[in-house]
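What the coordinates show
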Amino acid sequence: MSAEPGPSTPSKKRSKWDQDDDNMGQPQIHPQKRRHKSKPSRTTPQNDDTGPTPTREPAPIPAPPNPRTRSYYVPERAFHPAIQSSRSVYCYERLNQIEEGSYGVVFRARDKESGDIVALKKLKLEEEKNGFPITALREVHALMSCRHENVVRIREVVVGDTLTQVFVVMDFIEHDLKTLLTTMPAPFKISEIKTLMLQLLSAVDHCHQNWILHRDLKTSNLLMNNRGTIKVADFGLARRFGDPVGLGGLTQLVVTLWYRAPEILMGATKYSTAVDLWSVGCIFAELLLKEPLFQAKNEMELLSMIFRLLGPPTNNSWPGYASLPLAKSIALPSPQPNQFRNKFPHLSMNGLDLLMSLLTYDPEQRISAEEALEHPYFKEPPLPKHPDLFASFPSAAMGEKRRKPDSPSAPTRAANYKLLIEFD
Ligand SMILES: Nc1ncnc2c1ncn2[C@@H]1O[C@H](COP(=O)(O)OP(=O)(O)O)[C@@H](O)[C@H]1O
Ligand SMILES: [Mg+2]
């Protein structure tokens, strides 16, 4: 750790705002003296000074900008009504750290102006050598283009003391489903699971309608408020589909292992919306079982768990299997029937049908979010429960810092933001 940087050398270290010592609301952006009087009345100074002045005083040291509106290190923009510079993170009072994930830190904070409670996710830019990482841009772009009742709402992007400190500001949501499933006293009822599934499917459908693949759906990326509403979060691996893809195809470094679709496991570099629907199937199973469906340690173990539950793939169940890159190197077990009924003995016929339609080998045959929303499972009793009737739970995120429950993390993102044109 190097010494405190001067104002001209933006630090790549943590900002004062998110350090654990308490100087919240004390920007201390740089050691120069701050002018207290200059209010934000720097709109149009042109008319004050007509004509050239023959003798000029040496230019005064510019006053630091009001930290409430702009970071010192972000150059002022030429006037453009549609483009505004990001506000500073000091517009928010840090309350507590919610989570230190593998890729970023998430804080709970209060908007000093409106008093709103929000969540700030600090994007990891420290190791980035080639400018602003594409994954961070994608995360912000995806959140902005997928606005929906069941997608976490992005409010703005703010900057810290230096250009390497960028935070996404979102609505604060009390729970993530992973933590909730491990702490709630009784499992969700079928009527509640149906509501959660409908909300999840409607968010996924909306993302897909807007050409966004999430690529990391799992319970820890599903937030839930105390009014029974799910919000899909963490678009850190999301990307647009339908755009031309580089020669290498799409990266396989997506989707946390336990939720990863078999086509990705088999090395497919062309995949699409169906990868998200496989993850939705795993989440449905997890809600029913109250624990993750495929808790595998590595890809091979995951494949053999999938083969066991679904029965090994056949020409019929997965016509494209043989042409997948890894098909030749994997020895399939001898044919056997699927084990869905044994694994989910209490699920109705319709429920089982929906689960099997999601956990289908062939991505072409796998159900889409739009079709799943119309599945008869949601129309048979018990009917989906109205979100207002959900119980509320104490929020771990509002308390002290906590660690993630034990679950594997998303594949490393460092690897896939090296080059814009490479993979992905
Ligand atoms: N808007 C939010 N409100 C409350 N908690 C949040 C919010 N966003 C994220 N979190 C918490 O932080 C965790 C990590 O956030 P996430 O966006 O998934 O980052 P990562 O990329 O590190 O996985 C989530 O699992 C959740 O517990
Ligand atoms: Mg996450």
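These notes cover the structure that comes with them.

How each quantity is defined
- Residues numbered from 1 in each chain as written.
- Chains lettered and ligands numbered in written order.
- Predicted model: local features only at pLDDT ≥ 70, side-chain atom pairs only at ≥ 80, totals over all residues.
- Helix = DSSP H or I, 4+ residues; strand = E, 2+ residues; numbered from the N terminus.
- Buried ≥ 20, exposed ≤ 12 C-beta atoms within 10 Å, placed from the backbone.
- Contact = placed C-beta atoms within 7 Å.
- Expected span 1.5 Å × (residues − 1).
- Axes fitted to C-alpha atoms, helices over the stretch in contact; angles between N-to-C directions.
- Parallel < 35°, antiparallel > 145°, perpendicular 65-115°, else oblique.
- Left-handed = near helix turned anticlockwise from the far one by under 90°.
- Nonpolar A, V, L, I, M, F, W, Y, C, P; charged D, E, K, R; others polar.
- Pairing = 2+ DSSP bridges.
- Arc of directions from axis to C-beta.
- Core = buried A, V, L, I, M, F, W, Y, C linked by C-beta atoms within 7 Å.
- Domains from an automatic or database assignment.

With that out of the way, let us pick up the overall build of the protein chain. On a plain count of helices and strands, the protein chain comes out with 9 helices and 10 strands. When each of the 424 residues of the protein chain is scored for burial, the buried share is 38%. The contacts in the protein chain between residues at least 6 apart in sequence include a share of 68% that link residues at least 24 apart.

Each α-helix winds once per 3.6 residues, and so residues spaced three or four apart point in a common direction. For helix H5 (residues 274-289), spanning 16 residues, the distance from its first C-alpha to its last is 23 Å, which sits close to the expected 22 Å at 1.5 Å a residue. Burial analysis of H5 places 14 of its 16 residues in the buried class, which makes it a mostly covered element. One or two positions beyond H5, positive phi appears at Lys-290, with a value near 65 degrees.

We now examine the packing of helix H3 (residues 190-209) against H5. The N-to-C vectors of H3 and H5 enclose an angle of 165 degrees; their axes lie 11 Å apart at closest approach. Comparing their axes, H5 and H3 come out roughly antiparallel. H3 and H5 meet at a crossing whose hand is right-handed. Residue-level contacts link Ile-193, Leu-196, Met-197, Leu-200, Leu-201 and Val-204 of H3 to Asp-276, Val-280, Ile-283, Phe-284, Leu-287 and Leu-288 of H5. In terms of residue class, the contact of H3 with H5 is built from 11 nonpolar, no polar and 1 charged.

As summarised here, the arrangement of the 3 strands in space is S6-S8-S9, forming an open sheet in which the pairing is antiparallel. Looking at strand neighbours, the two that pair on one side only are strand S6 (175-176) and strand S9 (230-232), the edges of this open sheet. Where strand S8 (residues 222-224) lies against S9, 3 bridges are found, and the strand directions are antiparallel. Residue pairing across strands places Leu-222 opposite Val-232, the latter belonging to S9. Contacting S8 and S9, H3 runs over the sheet at an angle of about 30 degrees to S9.

Here we take up helix H8 (residues 349-358). Buried within H8 we find Gly-351, Leu-354, Leu-355 and Leu-358. The arc that holds every buried residue of H8, seen down its axis, measures 95 degrees, which confines them to one face. Elements that come into contact with the buried residues of H8 comprise H5, helix H7 (340-343) and helix H9 (369-373).

The antiparallel open sheet is built from 5 strands, whose spatial order is S1-S2-S3-S5-S4. Looking at the sheet topology across the chains shown, the edges are occupied by strand S1 (92-100) and strand S4 (154-159). Neighbour-to-neighbour, the strand axes of the sheet open up by a mean angle of 30 degrees, direction not taken into account.

Our next topic: the nonpolar core. Formed by 86 residues in total, the largest nonpolar core has its most connected members in Leu-200, Val-280 and Leu-358. Taken together, domain 1 (94-171) and domain 2 (176-400) each give at least three residues to this core, which thus spans both. With residues near it in sequence (within four places) discarded, Leu-358 still touches Leu-277, Trp-278, Val-280, Gly-281, Phe-284, Arg-366, Ile-367 and Ala-372.

Below, the discussion takes up the environment of Glu-380. Among the secondary structure elements, Glu-380 is positioned in the segment after H9. With 13 C-beta atoms counted inside 10 Å, the residue Glu-380 sits in the partly exposed group. In this structure the C-alpha to C-alpha distance between Glu-380 and Gly-351, which are 29 residues apart in sequence, comes to 9.6 Å. Setting aside chain neighbours within four positions, we find Glu-380 in contact with Ser-348 and Asn-350.

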